Amino acid sequence: MTCYGETDHTSESHHSVENGNSRSSEPTAENEGLEPTEVAKLASGKTLERLREAVEECCDESEDEQDWVWLILREESEQQAYNEPLLASFLYSTILNHKSLEAALSFHLANKLASPTISSTLLMELFRDALEDSREFRRACRRDLIAVKERDPACTYLLEAFLYFKGYHALEAYRVSHWLWSHDRKAMAYFLHSQITKELHIDIHPGARIGQGVFIDHGTGIVIGETAIVGDDVSMLHHVTLGGSGKKYGDRHPIVHDGVLLGAGATILGRIEIGEHSQIGACSLVLNDVPSYSTVVGVPARVVGRKLGRNPASEMQQDF
C-alpha cells in the first residue's frame, strides 16, 4: 500500500509497526486490551526515526510500502474509541471510516473550514484534488505530523496532533491554498486563506513557500507574508511575524533556512536571511541577516552566541 493509494483497511489485515505481525484494523479482543503505553510506543523514540525514513518510501509511487503514519493513527483511534466511548462516533467518522490519511485529512479540514457559502463536501473534494496531485504535499503532511509529535512535549500521540492541534491544521490547509495559488486559482486561494485566518487565527499568505517537517506550536497570531520562504524542519511559536520591508513589489519578506527556531513573538522584517540552525529569541526584532548556527535576541536583535552542530528547531530549548 502506498500513501497515495486507496487500500481499505477495514477489510484487510495490516502490519504492526513494531514487529510486523498481522493485526486486523477492526477492534478485536486482542487490541481492545492494549494499554495506552503500548500504543504510544508505535510513535515514540526510535520509531520516530524509522517513521521519517518510511514516509520517503511510502510517498514514492514506485514503491509499495506500508504507510506507517496512517497505520499508527488508526491504532491510536481504535484505542481511544475503546477507552472513551463518547468519542467513538467522532473517531470513526474522522479516521476509521476512511481509506487513507489523505481522505481523513481532507474530511477533517473541510469540516473545520466550511462556510455557509461553500459546503464541507465541496471543500473536501478540493483538498483531495490537491493531495492527489502533489506527491510533495502528501510527504509534507506526514513529515509535519511527525514533527509535532517529536518536538511538542504536550503531544502524547500522533492522533492528538492530527485531530486537535491548530498549528498543524493551519499548515496543511495553507498547503492547499498554495497549491491553488500555484495553479493560478488565486480567487479560491484567497477564499481559503480567509477561512484559515478566521477559524484558526493563523495568517499564512498562499504565495509563501514553506518546506516540510515544519512545526507551528500554538500558532495564534502567526503572520507569514506573500514572498516569505521557510525551509525544512523549522519550528515557530505563537505571534511570529515574517513581515515585509515596505516595498510594494518584488521579494520583500524573509528567507528562513532549514532547522531554525523562531521564538514566541519574534518579528523578522524585510528580505533578510536567517541562516540554518539559528535561534531567534522570544520577542526579538530582526532587521538584518543572521549567520547560521547563531542565537540572536533583543530589539533590535544582536548575536549573543554561535555553536556549530546545534539543531534548535528539534531541541526546542528556549533558554540560551
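Cut-off values and rules
- Residues numbered from 1 in each chain as written.
- Predicted model: local features only at pLDDT ≥ 70, side-chain atom pairs only at ≥ 80, totals over all residues.
- Heavy atoms only, no water.
- Buried < 20%, exposed > 50% of the residue type's maximum accessible area, 1.4 Å probe, protein only.
- Helix = DSSP H or I, 4+ residues; strand = E, 2+ residues; numbered from the N terminus.
- Pairing = 2+ DSSP bridges.
- Contact = heavy atoms within 4.5 Å.
- Expected span 1.5 Å × (residues − 1).
- Polar contact = N/O pair within 3.5 Å; in protein donor to acceptor, adjacent residues only side chain to side chain.
- Axes fitted to C-alpha atoms, helices over the stretch in contact; angles between N-to-C directions.
- Parallel < 35°, antiparallel > 145°, perpendicular 65-115°, else oblique.
- Nonpolar A, V, L, I, M, F, W, Y, C, P; charged D, E, K, R; others polar.
- pLDDT = per-residue confidence, 0-100.
- Salt bridge = Lys/Arg side-chain N within 4 Å of Asp/Glu carboxyl O.

1. Here's the deal with the pairing of strand β16 (residues 294–297)
Point 1. Because side chains alternate across β16, one face comprises the buried residues Ser294 and Val296, and the other comprises Thr295 and Val297, equally buried.
Point 2. In terms of strand pairing, strand β14 (residues 279–280) meets β16 through two bridges, oriented parallel. The residue of β16 that forms the bridge with isoleucine 280 is valine 296.
Point 3. In this structure, β16 lies alongside strand β17 (residues 302–306), joined through four bridges in antiparallel fashion. Along β17, the bridge assignment pairs valine 296 with valine 303.

2. Considerations on the environment of alanine 170
Point 1. Along the chain, alanine 170 falls in helix α10 (residues 166–182).
Point 2. Judged by relative accessible area, alanine 170 falls into the buried class, the value being 0%.
Point 3. Along the primary structure alanine 170 and aspartate 203 are separated by 33 residues, whereas in three dimensions their C-alpha atoms are 8.5 Å apart.
Point 4. In this structure alanine 170 touches Ile196, Leu200 and Ile202, once residues within four positions along its chain are discounted.

3. Details of the sheet that holds strand β5 (residues 215–216)
Point 1. As summarised here, the arrangement of the six strands in space is β5-β8-β11-β14-β16-β17, forming an open sheet in which the pairing is mixed. Of all strands in the sheet, those with a lone pairing partner are β5 and β17, marking the two edges.

4. Remarks on the sheet that holds strand β3 (residues 203–204)
Point 1. Overall, parallel pairing links the five strands, which are arranged β3-β6-β9-β12-β15 in an open sheet. Whereas interior strands pair on both sides, the edge strands pair on one side only; in this sheet they are β3 and β15 (285–286).
Point 2. When β3 meets strand β6 (residues 223–224), the two strands line up parallel, connected through two bridges. Across the sheet, the residue bridging to isoleucine 204 is isoleucine 224, located in β6.

5. Focus on α10
Point 1. In a regular helix each residue adds 1.5 Å, so 17 residues correspond to 24 Å; α10 covers 24 Å between its end C-alpha atoms and thus fits that length.
Point 2. Most of α10 sits out of view: 14 of its 17 residues are buried.
Point 3. Downstream of α10 by one or two residues, aspartate 184 has phi in the positive range, about 60 degrees.

6. Quick word on the side chain of serine 177
Point 1. Relative to the helices and strands, serine 177 is located in helix α10.
Point 2. Of note is the side chain of serine 177, whose polar atom sits 2.7 Å from the backbone oxygen of tyrosine 174.
Point 3. Non-local contacts of serine 177, meaning those with residues more than four positions away in its chain, are made with Ala189, Leu192 and Pro206.

7. Overview of the packing of helix α5 (residues 88–96) against helix α6 (residues 101–113)
Point 1. Where α5 contacts α6, the two axes come as close as 8 Å, and the packing angle between them is 120 degrees. In terms of orientation, α5 and α6 fall into the oblique class. The segment α5 lies against α6, with Phe90, Ser93, Thr94 and Ile95 engaging Ala104, Phe107 and His108.
Point 2. Within the contact of α5 with α6, the residues separate by chemical class into four nonpolar, three polar and no charged.

8. Notes on the confidence of the model for the protein chain
Point 1. Averaged over every residue, the pLDDT of the protein chain is 86; residues scoring 70 or more account for 81%.
Point 2. Low pLDDT (under 50) marks residues 4–34, which in the prediction has 69 contacts with non-local residues, meaning those over four places away or in another chain.

9. Observations regarding unusual backbone geometry
Point 1. Following valine 299, the chain continues into proline 300 via a peptide bond in cis, with omega recorded as -5 degrees.
Point 2. With respect to the helices and strands, the residue proline 300 is situated in the loop between β16 and β17.
Point 3. Unlike most non-glycine residues, histidine 218 shows phi in positive territory, near 70 degrees.

10. Re the pattern of salt bridges
Point 1. Per the counting criterion, the structure on display carries 11 salt bridges.
Point 2. For the salt bridge of aspartate 144 with arginine 175, the shortest nitrogen-to-oxygen distance reads 3.0 Å. A residue pair is termed long-range when its members are at least 10 positions apart, and aspartate 144 in helix α8 (residues 135–151) and arginine 175 in helix α10 qualify at 31 residues. For the pair aspartate 144 and arginine 175, one class covers both residues: buried.
Point 3. With a closest N to O distance of 3.6 Å, arginine 271 and aspartate 251 form a salt bridge.

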